Each structure stands twice: as C-alpha cells, then as structure tokens.
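The lines below spell out each chain.
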Amino acid sequence: MSQNYGVTIEFAFQESEIKLLTAEIERLKNFGCLGVSPSLEGLRDENAKLKYRLNFLQKSLQEERSKTAKSMININSCLQEIFGAAIQAAYPDLENPPLVVTPSQQPKFGDYQCNSAMGITQILLKTKEQKVSPREIAEKISKNIPANECIEKVEIAGPGFINVHLRKDFVSKQLSSLLVNGVQPPTVGKKKKVVVDFSSPNIAKEMHVGHLRSTIIGESMCRLFEFAGYDVLRLNHLGDWGTQFGMLIAHLQDKFPDYLTVSPPIGDLQAFYKESKRRFDTEEEFKKRAYQCVVLLQSKNPDFIKAWELICDVSRKEFQKIYNCLDITLIERGESFYHEMMKDIVKEFEDKGFVQVDDGRKIVFVPGFPVPLTIMKSDGGYTYDTSDLAALKHRLCEEKADILIYVVDSGQSVHLQTVFAAGQMIGWYDPKVTRVAHAAFGVVLGEDKKKFKTRSGDTVRLIDLLEEGLKRAMDKLKDKERDKVLTAEELKAAQTSVAFGCIKYADLSHNRLNDYVFSFDKMLDDRGNTAAYLLYAFTRIRAIARLANIDEQMLRKAAREEVLILDHEKEWKLGKCILRFPEILQKILEDLLLHTLCDYLYELATTFTEFYDNCYCVEKDRQSGQIVKVNMWRLLLCEATATIMAKGFDILGIKPVQRM
C-alpha cells in the first residue's frame, strides 16, 4: 500500500471523528431545549473537552493536509495504487497479485509501464487452471482503471504490456508545486527512530582508507533518513576498550612517568602504538605489566583511567580533524560505554539456558550459524561478541530503534548476522516489527586492483589522502585557469568542494557491495559520472538565470504565476526526470544502495544538457548579443533541475559552490 493511500485513509478517519464530535457538541447544546437539566457544570465541562478535542483534530488535519500538499508526489507509488485498484476490481479473487510499474525506457512505450499481466497469467494457470492470454488480462485491467488525475491514456503493447502516458497538466502542476514549496520529502507516516552505527575507528590507531567508506556511506544514509522525516541517532562505535590498552598504558608510564601532572606530548600516536606493540611482543616483563595494567584499568583505578582518557583524547582530536574536513556529525559511544552492561548480558543468556561451557569459555550457539559466540573467555574477560550483544540490546531496548543499520565492511557479515540472530533468539526484537540491517561494503583497491596501500606497503592514512585530494583539486582548477577568474576565497571554496566532493562521490557512486578502485585521475575527471562533472554542470545551470539578469525574486514570482509548458519532447523528458526524485529516494530507503542516487543525478544532468542544447532559454540578437527574449517557463525548468540537484548533493554530503 502506498504512503499516499495510507495518508488518505488517515484523513478519512480524522474527518469522520470531527463529524461525530461536532454532532456531539450540537446534542449537548440541545439539552436545554429538551427540558432536561443534568448537572450544568458537568455538561459545560464535557462540552469544553469536546471542543478542545475538535480544535486539536481540525488543526492536526490541516497540518497534515498542508504537509501532504507540499510533499513531492511519488508518481510510481501513485500509479501502483491506481493499477492495484484496477487489478483488484478486475480480479477480486486473486490474493497478492503481482504489481509491476516501472518508468518506460523509450518514449514510444509511453512514460511508465505496468507489466503485471504476465504474472497474473501464470497465477491463473497455476491456481485456477485457467488459460488466459496476458493481452486479455491487460485489456481487463485497463477497463477497470479508476478515475485519477495523472493518467492521460493507456495503450496495450506486445504480449500484454500496459503503456501509460501521463497528463501534461499533471506533470506541469507537480513541477510548479516543487518550485513554490521547495523539495519536500514524501510523507512517511509515523515518525520512526533510526540508529546508524558507522565510522567506528580504533583508539590509538590512525583512521585509514577502510574507515573512509563506512564514514561516507553512513553519513549519507543518515542525511537521507533525516530528510525523509525520521528521528536519526548517529553512533560512532569507537574501539576504546580492551587488552591493547594494557600495553599502551604500560608504555606511557615508562615514557612519560609524570603523565598524571604533565600532559604527555604524544604527537604521533601511530608510532607510539607500534613501539608499545613491539615491546609487548619481545619483552616478557613488559608483557606481564601490560596484563596487570588491563586488570587495574577494568577495576577503574583512577590513575589508570586518567592514562586511558589521555590516550583516547589524543586519538579523538585526530579523528575530529577528518570529521571536520568531510563534514561528518557523530555521537561517540564506544565499546567502553557498554562495559558495565556485559555481565548482565552473560547472565541473561545463562538464565535462558543458551550458554554452554567449552574449555572454560562461555559460548552461545545460534541456530543456522556454525561458529558460536564467545560471551566470556576462560579468564573471565569479555569479548567483541559480548560488547556487540550489549550494544544491540541497548539500541533496541533503551534507544527504542525501529530501524537499526550497521555500516560495516563485508568481512564482518557472518559475525553481525550471528549477533542479530542471537538478539532475535533471546527475544530483544521481532524482525517483522524492527528492521535490523547490515549495510555491508567492499574494500578499497589501488589502481593495480590490489588492496589500497602506500608504496612502502603500509595502509594509506586518511588524513594524507584528503591532503593529496586538496592538492590535486587545486592543480586541476589551475590547469583550467580558474585562478585567473575567481577570487582567492572563491578558489579555496571550489578547491574543497571539488576535492572532498570527488572523494565522497567516487565512493557513493559505486554499488557499496562491490570493491572499488580508488583513482584520483578518474574522480577528478570532469567528463562522465563524477562529482567534478556534476558540480560544473550545477554551477552552469545556476548561472543561466543570473546571466539573463533574472534574480531569485523574479523566479519565485514566475513559479507562482507561469504555467510550465512541456510541448517540446526534451522539455517533457526533463520534467518527468525531475519528478522521479521521490521514487529514487524511496528505493534507497528500502535497499540502502546510494549509488542509485548518483546514477539518477548523472541522468538528470545529461537530460538537462539535451534540453539546453535543443531549447532556447534565453534568445539573443546574433549581431549585438543583446537579450531579445527570455523564455521564463524554460528558466523555471532550469531552476527545478538545480533545486533537485542541490538536494541530491546535500544527501550525498557534497557542497556545491556558486562559482568554480
């Protein structure tokens, strides 16, 4: 059932309740005329309550109405609703008939196609042993299409495809609404809570290119859910607890004995980590002390907590530099946050009879998964399994997440599926009610198609990568001689927009499930499906009205008064492409694959270029270059394209600039 249909039903309920309340108030007024004299105070009281409820309902109905009127309509959902009703009327006995509506690939097949007839043929043959041709079914469906505002006509083609032609005035009206109201998200019904776990680097280690994917994908998912009206909690599950802190604290005590009074100047935490790891692997005495440090840290000894906080702070500052560059917002909630909850997790699994003891370890077998979860080691310590279970329970039971998304690499897939299944087994959530998803992603490869490393074979530090991006973006801008036309400030803005925009887009434009090859040359190329191409296209579109001396106020006035004419085939193609935005977003909310948005933005930009090459927006005198005519409805199509592109960029975390 489409969202619009659900909203319509909600309106009907509210309206009928308003009618009932109005009748009840009238009835109370008439008590006096009937000579009945119940307690007057009681009646007044009841009357006041009813009036309050009535006002409240009328106000909320108006709010919902205006919100729905401003929302962009998902045309695909509307057509599914219409064809769903037509199939129901034509074949009332069919349970869950297939409903297939897709945009047409070629203009000769109309604007959309309904391909349900083939599926219904199969069902009738299987369940009722009736042999009916798909074409006959398509005819019957077409005859039962209810009255609606969007379909101009339908045609039956080939074996039984129903080609749908949209009404020009409907598309024109939707474009005008977009220009007047801005890009409003489709209505989502009840406001749901979404928890997204992403980025999640480890303390005392540098953020590397692997963290880049989780950080960029997670941020973009959060932006999409926020735009769609969900309540989003963005969590950074830092690796800030565990046995590695024993060796780090022991090394800190040796290197900076006065760390409690003088803040230790740990500049390079990566080198510090490597030094302590080398000592841990080679010095037996140091190793023993490291284990003692872990015990003292876990028992909350204040000196050791101070040492732990110092190390965490140094890392935090380094991470924040990267988050600032990439415009990432996160709430830190590392493994240490769940430490106190772990003993209760072990007890809960024990109490419900799920724990087995194996060689001193406490393990939990989850049906369908060969490897058990280890929830307590033989020395009484906890594991990643325990902290992941504690985090899952907290997010479901305390944060009350309706949707929980883990943006973590594909290598963790089996582990996470086992943890989710354990949470289900113990009764923390029902997958029919709560959606718990692993948004997995592949690895970043170098141009040699091997894991992305530096020349010396080390993992690429993220901060180095971002600095390299800035340098290359500036080189690219100077090659195009932009430094000669832009002010220093504009050049700097263009540099960061291109550098970070290209890095983000290169990642997001690939299907996240696949590995992807990191190449600065490809991502900074201003031809093809890249951020560089889209950013240049966007800047050019925004400049069209400006160069015709049409300001924002004039565009706003025209949006309210002008009818968008869509007579030219390229105007029509562009108008329909613009209005596909809500269905693209709806698809991503369901499958969490953001490359669909990138593909759409690229299609929109190329469709715009076709339109601009074939339809004059501004007509000039060939000799003098003076503007002789401004085709306002076409400038409005430019504006609608730019408005959608800007919102798409915002969801992807890309910042366009006015001039570049």
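Residues numbered from 1 in each chain as written. Predicted model: local features only at pLDDT ≥ 70, side-chain atom pairs only at ≥ 80, totals over all residues. Heavy atoms only, no water.

Let us look at the overall build of the protein chain. On a plain count of helices and strands, the protein chain comes out with 23 helices and 16 strands. Along the first, second and third principal axes, the C-alpha set of the protein chain runs to 90 × 85 × 65 Å. Surface accessibility of the protein chain: about 33100 Å² in total, with carbon and sulfur atoms responsible for 51%. A distance of 2 Å separates the average location of the 91 positive side-chain charges in the protein chain from that of its 92 negative side-chain charges. (Helix = DSSP H or I, 4+ residues; strand = E, 2+ residues; numbered from the N terminus. Areas by Shrake-Rupley, 256 points an atom, 1.4 Å probe, with all protein chains shown as cover. Lys, Arg positive; Asp, Glu negative; His and termini not counted. Charge placed at Lys NZ, Arg CZ, Asp CG, Glu CD.)

Under the criterion given, the structure shown has 44 salt bridges. Linking Glu-155 and Lys-153 is a salt bridge whose minimum nitrogen-to-oxygen distance equals 3.2 Å. According to the relative accessible area criterion, Glu-155 is partly exposed, its value standing at 30%. By sharing partners, the salt bridges in this structure join Glu-219, Arg-223, Glu-226, Arg-234, Asp-327, Lys-647, Asp-650 and Lys-655 into a single network. (Salt bridge = Lys/Arg side-chain N within 4 Å of Asp/Glu carboxyl O. Buried < 20%, exposed > 50% of the residue type's maximum accessible area, 1.4 Å probe, protein only.)

On to the sheet that holds strand 9 (residues 361–364), then. On the basis of which strands lie adjacent, the open sheet formed by three strands has the order 8-9-10 and antiparallel pairing. Unpaired on one side and paired on the other, strand 8 (355–358) and strand 10 (373–376) mark the two borders of the sheet. Recorded for the sheet is a direction-independent mean angle of 40 degrees between the axes of neighbouring strands. Where strand 8 lies against strand 9, four bridges are found, and the strand directions are antiparallel. Among the inter-strand pairings, Val-357 is bridged to a residue of strand 9, identified as Lys-362. (Pairing = 2+ DSSP bridges. Axes fitted to C-alpha atoms, helices over the stretch in contact; angles between N-to-C directions.)

Attention shifts here to the pairing of strand 4 (residues 161–166). The element strand 4 is largely enclosed, with a buried count of five among its six residues. Pairing of strand 2 (residues 112–114) with strand 4 involves three bridges; the strand directions are antiparallel. Note that in strand 4 the partner of Cys-114 across the bridge is Ile-162. By the bridge criterion, six bridges tie strand 3 (residues 151–157) to strand 4 in an arrangement that is antiparallel. When the sheet's bridge partners are listed, Lys-153 is paired in strand 4 with His-165. Between strand 3 and strand 4, which pair antiparallel and follow one another directly, the connecting turn spans three residues, one of which, Gly-158, has a positive phi of 55 degrees.

This paragraph deals with unusual backbone geometry. You will see that Asn-549, though not glycine, has its phi angle at about 60 degrees, which is positive. Mapped onto the elements, Asn-549 comes out in the loop between helix 18 (531–547) and helix 19 (552–561). Even without being a glycine, Leu-592 presents a positive backbone phi close to 60 degrees. Residue placement: Leu-592 occurs in the loop between helix 21 (581–591) and helix 22 (595–614).

Quick look at empty space enclosed by the protein now. Applying the stated criterion across every chain yields a total of two cavities of 30 Å³ or more. Estimates place the volume of the largest cavity at around 70 Å³. Lining of the largest cavity is provided by Lys-70, Ser-71, Met-72, Ile-73, Gln-174, Ser-177, Leu-178, Gly-182 and Leu-579. When residues of the lining of the largest cavity are assigned to their parent elements, the largest contribution, three residues, is made by helix 6 (residues 168–181). By residue class, the composition of the lining of the largest cavity is four nonpolar, four polar and one charged. (1 Å grid on protein atoms, 1.4 Å probe; cavity = no way out; pocket = protein on both sides within 12 Å on 5 of 7 lines; lining within 4 Å. Points joined across faces, edges and corners; volume = space filled by probe spheres on them. Nonpolar A, V, L, I, M, F, W, Y, C, P; charged D, E, K, R; others polar.)

According to UniProt, the feature "domain: DALR anticodon binding" (unreviewed entry) maps to residues 534–660 in the numbering used here. In this annotation, residues 534–660 is assigned 68% helix and 6% strand; the end-to-end C-alpha distance for the span is 12 Å. (UniProt positions renumbered as here; feature names shortened; annotations may be inferred.)

This next bit is on the packing of helix 7 (residues 209–227) against helix 21. Close contact between helix 7 and helix 21 brings their axes to 11 Å; oriented N to C, the two are set at 120 degrees. With respect to helix 21, the axis of helix 7 lies oblique. Every pair of crossing elements has a handedness; the one defined by helix 7 and helix 21 is left-handed. Of helix 21, the residues touching helix 7 (which contributes Leu-224, Phe-225 and Phe-227) are Leu-585, Ile-588 and Leu-589. (Parallel < 35°, antiparallel > 145°, perpendicular 65-115°, else oblique. Left-handed = near helix turned anticlockwise from the far one by under 90°. Contact = heavy atoms within 4.5 Å.)

Let us now look at the nonpolar core. Side chains of a nonpolar character, in soluble globular proteins, are inclined to be buried together. Grouped together as the largest cluster of nonpolar side chains are 171 residues, with contacts concentrated most on Leu-79, Ile-405 and Leu-597. Residues in contact with Leu-597, not counting those within four places in the same chain, are Phe-581, Ile-584, Leu-585, Ile-588, Gly-648, Ile-651 and Leu-652. Val-195, Leu-235, Ile-345 and Phe-349 belong to the second largest nonpolar core, which has 30 residues in total. (Core = buried A, V, L, I, M, F, W, Y, C linked by side-chain atoms within 4.5 Å.)

Tracing the sequence through the fold places Ser-497 in helix 16 (residues 488–508). With 157 residues separating them in the primary sequence, Ser-497 and Ile-654 have C-alpha atoms 7.1 Å apart. For Ser-497, the residues in contact, after removing those within four places along its chain, are Cys-502, Leu-535, Lys-655, Pro-656 and Val-657.

What follows is about the packing of helix 8 (residues 244–255) against helix 9 (residues 269–282). Contact geometry for helix 8 and helix 9: axes closest at 9 Å, N-to-C directions at 100 degrees. Judged by the inter-axis angle, helix 8 sits roughly perpendicular to helix 9. Side by side, helix 8 and helix 9 meet where Gln-244, Met-247, Leu-248, His-251, Leu-252, Asp-254 and Lys-255 of the first sit next to Phe-272, Tyr-273, Glu-275, Ser-276, Lys-277, Arg-279 and Phe-280 of the second.

What follows deals with the layout of surface pockets. A water-sized probe, rolled over the atoms, reveals where empty space remains. If you add up the space inside the second largest pocket, you get close to 1300 Å³. At the level of elements, helix 7, helix 9, helix 13 (384–398) and helix 14 (413–425) are the ones that each hand at least two residues to the lining of the second largest pocket. Element by element, the count of residues in the lining of the second largest pocket is highest for helix 7, at five residues. Of the residues assigned to the lining of the second largest pocket, the class counts are 14 nonpolar, 17 polar and 14 charged.

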